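# Observations on chain architecture
One-letter residues, chain by chain:
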Amino acid sequence: MRAWQVQKHGEPRDALALVETPVPEPGPGLLRVRVSASALGLPDLLMCRGAYALTPALPFTPGQELVGVVSAAGEGARLAVGERVMAVSAFFRGHGGFAEEALALDEFAFPAPKAMGDAEAAGFLIPYHTAYAGLVRRAALETGETLLVLGGAGGTGSAALQLGRALGARVLATAAGPEKAAFCRDLGAQLVIDYRREDIAEAVREATEGRGADVIYDPVGGDAFDAATRCIAHEGRILAVGFASGHWGRPSLAHAAMRNYSIVGVMPGGYDLASKRRVQEALVAYHRRGEIRVPVHRTLPFDALPEGLDELGRGRVLGKAVLAGPHSGEA
């Protein structure tokens with residue numbers, strides 16, 4: 001089968017090669033999926049560079065998120081051959097979604113709703129389960145609270161922005177430039193701060209009459225995290241989700257204690273299957289009511305993966321970019 005492999009660490013155009021590899025066999029708790037589409041994410045770019053914590057040994061196929069039809073099921077798997085599923089891949093074992101067939105985690109795979117096309121289904125699980133884990137479970141966001149989403153135009157931020165609105169919060173977002181600001185407003189942000197022209201902390205304090213944001217969703221880290229600490233409300237919660245800036249935020253525990261706010265880590269993968277199933281049911285219901293969606297920037301042909309990851313790395317993707325799988329349209 002054809003698969004994109006990272007054969008050396010570097011930028012995608014140098015690191016990736018389209019090769020013929022054996023079809024993988026699913027072990028216990030794994031599924032093999034004929035890939036219809038796979039979503040591009042920052043971790044995929046970082047794995048090319050060898051800069052992601054879960055980067056497998058060379059050579060390997062990246063691609064964390066996918067949709068397709070189950071072609072084989074390992075021992076103990078719940079989902080059956082022939083089912084169309086959205087899933088998180090076994091990328092950390094080297095068999096990610098940028099291939100004709102990929103291995104997927106049965107415990108993080110669900111039937112794909114018929115109303116959800118391949119491109120949207122491919123990019124649904126990780127962004128929305130992360131947003132739910134952060135906003136609902138870790139921050140206990142309440143109706144009427146103010147939520148600030150850093151990097152609201154990205155795949156992770158756009159999910160949190162929409163889910164925050166669905167949960168009844170007043171949502172503010174940061175974005176770089178007028179195009180991304182307009183994108184965030186279209187998704188429901190009530191105020192967008194262009195951080196290239198405005199000071200984030202000052203703008204948030206002004207918008208909240210000095211109180212600050214009750215919850216700050218941070219997939220960016222770096223300077224954005226520093227700004228968050230200057231505009232977090234009393235008893236507020238800063239959600240440490242990621243480091244799109246290149247490095248994690250560097251908290252000061254003394255500052256957190258003096259200002260009485262919490263810094264909370266967010267990762268959706270640590271919950272058991274029953275919890276994931278409840279979250280998936282809630283998220284699909286939001287989607288059915290039209291309150292959340294995956295904004296697909298564009299769908300790239302299978303041969304264009306390096307180009308897509310390069311676009312992502314340059315900050316040119318609004319929402320999610322998706323790679324059409326070799327089995328696109330077969331589900």
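Everything numeric here is computed off the predicted structure, so don't read it as measured data.

## Some details on the packing of helix 2 (residues 42-49) against helix 11 (residues 305-313)
- Packing of helix 2 against helix 11 leaves a shortest axis separation of 10 Å and a crossing angle of 105°. With respect to helix 11, the axis of helix 2 lies roughly perpendicular. Contacts between helix 2 and helix 11 involve Leu42, Asp44, Leu45 and Cys48 on the former and, on the latter, Leu309, Leu312 and Gly313.

## Some points on the nonpolar core
- Counting 56 residues, the largest nonpolar core has Phe124, Leu135, Leu147, Tyr217, Leu239 and Leu283 as its most contacted members.
- Ranked by the residues each element gives to this core, the list is headed by helix 4 (residues 125-138), at six residues.
- Non-local contacts of Leu147, meaning those with residues more than four positions away in its chain, are made with Leu135, Leu141, Ala160, Gly164, Ala169, Arg170, Val171, Leu172, Val215 and Tyr217.

## Some points on helix 8 (residues 222-229)
- Burial of helix 8 is extensive: six of the eight residues sit out of reach of the surface.
- Those residues of helix 8 not exposed but buried are Gly222, Ala224, Phe225, Ala227, Ala228 and Thr229.
- The secondary structure elements touched by the buried residues of helix 8 are helix 7 (200-207), strand 10 (213-218), strand 11 (232-240), helix 9 (253-259) and strand 12 (262-265).

## Here's the deal with helix 5 (residues 155-166)
- If you check helix 5, its first and last C-alpha atoms are 17 Å apart, about what 12 residues at 1.5 Å a residue would give, namely 16 Å.
- By the criterion of burial, helix 5 is predominantly enclosed, with nine of the 12 residues buried.
- If you check which residues of helix 5 are buried, you get Gly155, Gly157, Ser158, Ala159, Ala160, Leu161, Gln162, Leu163 and Gly164.
- Where helix 5 ends, the next residue or the one after it, Gly168, has phi of about 95°, a positive value.

## Examining the side chain of Ser71
- Positionally, Ser71 belongs in strand 4 (residues 65-73).
- According to the relative accessible area criterion, Ser71 is buried, its value standing at 18%.
- Setting aside chain neighbours within four positions, we find Ser71 in contact with Arg32, Val33, Arg34, Val81 and Glu101.

## As for the pattern of salt bridges
- If you walk through the whole model with that rule in mind, you get 15 salt bridges.
- With its nearest N and O atoms 4.0 Å apart, the salt bridge here joins Arg2 to Glu100. Separated by 98 residues along the polypeptide, Arg2 in strand 1 (residues 2-6) and Glu100 in the loop between strand 5 (84-89) and strand 6 (101-111) bring together distant segments of the chain.
- Within this structure, Arg2, Glu100 and Asp303 form a network of salt bridges that share partners.

## Comments concerning the pairing of strand 11
- Where burial is concerned, most of strand 11 is hidden: seven out of the nine residues are buried.
- Here five bridges tie strand 10 to strand 11, and the two strands are oriented parallel to one another. Bridged to Tyr217 within strand 11 is Leu239.
- In terms of handedness, the path from strand 10 via helix 8 over to strand 11 forms a crossover that is right-handed.
- As judged from the four bridges shared by strand 11 and strand 12, these two strands associate in the parallel manner. In the sheet register, Ala240 faces strand 12, and the bridge partner there is Gly265.

## Quick look at unusual backbone geometry
- For the bond running from Leu58 to Pro59, omega is -15°, close enough to zero to count as cis.
- Here Pro59 is to be found in the loop between helix 2 and strand 4.
- Of note, the phi angle at Glu209 is positive, near 55°, even though the residue is not glycine.
- With respect to the helices and strands, the residue Glu209 is situated in the loop between helix 7 and strand 10.
- Backbone geometry at Glu235 places phi at a positive 65°, although glycine is not the residue there.
- Structurally, Glu235 is set in strand 11.
- Overall, Glu235 belongs to the exposed group, its relative accessible area being 54%.

## Observations regarding the sheet that holds strand 7 (residues 146-149)
- A sheet is described by the order of its strands in space; here six strands give the open sequence 9-8-7-10-11-12, paired in parallel fashion. Across the chains shown, the open sheet's two edge strands, defined by having one partner strand only, are strand 9 (191-194) and strand 12. Adjacent strand axes in the sheet meet at a mean angle of 20° when their direction is disregarded.
- Taken strand by strand, helix 5 contacts strand 7, strand 8 (170-175) and strand 10, and its axis lies near 165° from that of strand 7.
- Strands strand 10, strand 11 and strand 12 of the sheet are contacted by helix 8, whose axis makes an angle of about 160° with strand 11.

Parameters and conventions
Residues numbered from 1 in each chain as written. Predicted model: local features only at pLDDT ≥ 70, side-chain atom pairs only at ≥ 80, totals over all residues. Heavy atoms only, no water. Axes fitted to C-alpha atoms, helices over the stretch in contact; angles between N-to-C directions. Helix = DSSP H or I, 4+ residues; strand = E, 2+ residues; numbered from the N terminus. Parallel < 35°, antiparallel > 145°, perpendicular 65-115°, else oblique. Contact = heavy atoms within 4.5 Å. Core = buried A, V, L, I, M, F, W, Y, C linked by side-chain atoms within 4.5 Å. Buried < 20%, exposed > 50% of the residue type's maximum accessible area, 1.4 Å probe, protein only. Expected span 1.5 Å × (residues − 1). Salt bridge = Lys/Arg side-chain N within 4 Å of Asp/Glu carboxyl O. Pairing = 2+ DSSP bridges. Right-handed = clockwise from strand over helix to strand, strands pointing away.

All quantities given are derived from atomic positions and should not be read as evidence of function.
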